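Spelled out, the chains give:
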Amino acid sequence: MAEKVSFASMSGPVLAGLIDLPEGEVRGWGVFSHGFTLGKDSPAAARICKQLAAEGIGMLRFDNLGLGDSEGDWGDGSFTHKVADTVEATRFMAERGTPAELLVGHSFGGAAVLAAAGEAVGVDAVVTVGAPFQPAHVEHNYDAVLSRVLEEGQSPWMAGGKSLTLRDHFVHDVRRADLRHKIMQLKKPLLVMHSPTDNTVGIENASDIFNTARHPRSFVALEGSDHLLTRKGQARRAARIISAWADQYLVD
């Protein structure tokens, strides 16, 4: 079962979310941050959250600015904006009486949760899945229009069948972002999950995140998985690992 919810973005537009409600005994709650231009219904987001809910961990997954069912223009956002809205999601969960102890991010969302964890409300543990060590890794997705964006300030851009506008402030913001200090100062248990055969975000990113982080830290290789976790059983297997790892950090 999933409950439709909404909350305000840090810039005002209303963001649409789903809370996959925990089945059986409630073990805890969490927030999931989706990949670059994906959304709350992408395979990694939906399947991981549903499996965690099946194991008693309720999860909020939401569409970032201008994506899916959320209001606003994606082109007005940035990495900094995504991080701030991840914090807003944890605040929303706390205010509804289900504080999120667990913060999970996939791909670009993994970078966002690393940056957001220090300000996130109630979060006790952090998980990244296929995350880049630096947010600027996403630049390869739009390199075909990058020169036009930097010259003219913006450019139309097709991403995963979506027609978006890429603006220069996004490019500059993502280039300025540096996760090294955020990871070093995390002060929360961290689980790094990554496929050794990820052709989108290479496994070296997981090594850099893990080696920069301080204990307690854990690493799990998602052998045989693709970056988007689209193949049968991949996302659910990742969720079962997260569930077992997070058990000691969830409120009894």
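Named according to an unreviewed UniProt entry, the chain is Putative redox protein originating from Nocardioides panzhihuensis.

**Student:** Mind laying out the UniProt feature "domain: Serine aminopeptidase S33" (unreviewed entry) in the chain, listing which residues take part and the relevant values?
**Tutor:** The UniProt feature table records "domain: Serine aminopeptidase S33" (unreviewed entry) at residues 27-147. The span residues 27-147 carries 36% helix and 18% strand; its end-to-end C-alpha distance comes to 49 Å.

**Student:** Requested: an account of the pattern of salt bridges, with residues and values cited.
**Tutor:** On inspection of all chains with the given rule, the structure shows 14 salt bridges. Across the salt bridge formed by Asp247 and Arg27, the nearest N and O atoms sit 2.9 Å from each other. Within this pair, whereas Asp247 is found in the segment after helix H8 (234-246), its partner Arg27 is found in the loop between strand S2 (14-20) and strand S3 (28-33), the two being separated by 220 residues in sequence. Residue Asp247 is classed as partly exposed on the basis of its relative accessible area of 43%. Between Arg61 and Asp41 there is a salt bridge, with the nearest N and O atoms lying 3.2 Å from each other. With Arg61 in strand S4 (residues 57-62) and Asp41 in the loop between S3 and helix H1 (43-54), this residue pair connects regions lying 20 residues apart in the sequence. Accessibility expressed as a relative area gives 3% for Arg61, which makes it buried.

**Student:** How would you sum up the nonpolar core? Please name residues and give values.
**Tutor:** Ranked by internal contacts, the top residues of the largest apolar core, which has 53 residues, are Leu60, Phe79, Tyr142, Trp157, Leu166 and Phe170. Every residue in contact with Trp157, bar those within four places of it in the chain, is listed here: Phe36, Thr37, Trp74, Asn141, Tyr142, Val145, Lys162, Ser163, Leu164 and Leu166. In terms of nonpolar packing, the next biggest core, distinct from the first, is built from 25 residues, Cys49, Leu191, Ala239 and Trp245 among them.

**Student:** Please provide a residue-by-residue account of the side chain of Arg27, values included.
**Tutor:** Here Ser243 takes part through its side chain, which lies 2.7 Å from a polar atom of the side chain of Arg27. In terms of polar contacts, Arg27 uses its side chain to reach the side chain of Asp247, at 2.9 Å.

**Student:** Residue-level account of the environment of Ala117, with values.
**Tutor:** Residue position: Ala117 is located in the loop between helix H3 (108-116) and strand S6 (125-129). Taking the relative accessible area as the measure of exposure, Ala117 reaches 0% and is therefore buried. Taking the C-alpha atoms as reference points, Ala117 and Gly12, separated by 105 residues in sequence, lie 22 Å from one another. In this view, Ala117 contacts Leu103, Val126, Leu186 and Lys188; residues no more than four positions away in its chain are not counted.

**Student:** If you had to explain the environment of Asp41 to someone new, which residues and values would you point to?
**Tutor:** Using a relative accessible area of 51% as the deciding quantity, one classes Asp41 as exposed. Placed 72 residues apart in sequence, Asp41 and Val113 show a C-alpha to C-alpha distance of 18 Å. Aside from chain neighbours lying at most four places away, what touches Asp41 is Leu18, Ala46 and Arg61. Here Arg61 takes part through its side chain, which lies 3.2 Å from a polar atom of the side chain of Asp41.

**Student:** Help me get a handle on the pairing of strand S9 (residues 190-194), residues and values and all.
**Tutor:** Counting buried positions along S9 yields five of five residues, so the element is predominantly enclosed. Burial along S9 is two-sided: Leu190, Val192 and His194 and Leu191 and Met193, pointing in opposite directions, are all buried. By the bridge criterion, four bridges tie S6 to S9 in an arrangement that is parallel. Note on S9: the bridge partner recorded for Val127 is Leu191. Pairing of S9 with strand S10 (residues 217-221), which is carried by five bridges, proceeds in the parallel orientation. The residue bridging His194 from the neighbouring strand is Ala221, located in S10. In this fold, the crossover linking S9 to S10 by way of helix H7 (residues 204-212) has right-handed handedness.

What counts and what doesn't
Residues numbered from 1 in each chain as written. Predicted model: local features only at pLDDT ≥ 70, side-chain atom pairs only at ≥ 80, totals over all residues. Heavy atoms only, no water. UniProt positions renumbered as here; feature names shortened; annotations may be inferred. Helix = DSSP H or I, 4+ residues; strand = E, 2+ residues; numbered from the N terminus. Salt bridge = Lys/Arg side-chain N within 4 Å of Asp/Glu carboxyl O. Buried < 20%, exposed > 50% of the residue type's maximum accessible area, 1.4 Å probe, protein only. Core = buried A, V, L, I, M, F, W, Y, C linked by side-chain atoms within 4.5 Å. Contact = heavy atoms within 4.5 Å. Polar contact = N/O pair within 3.5 Å; in protein donor to acceptor, adjacent residues only side chain to side chain. Pairing = 2+ DSSP bridges. Right-handed = clockwise from strand over helix to strand, strands pointing away.

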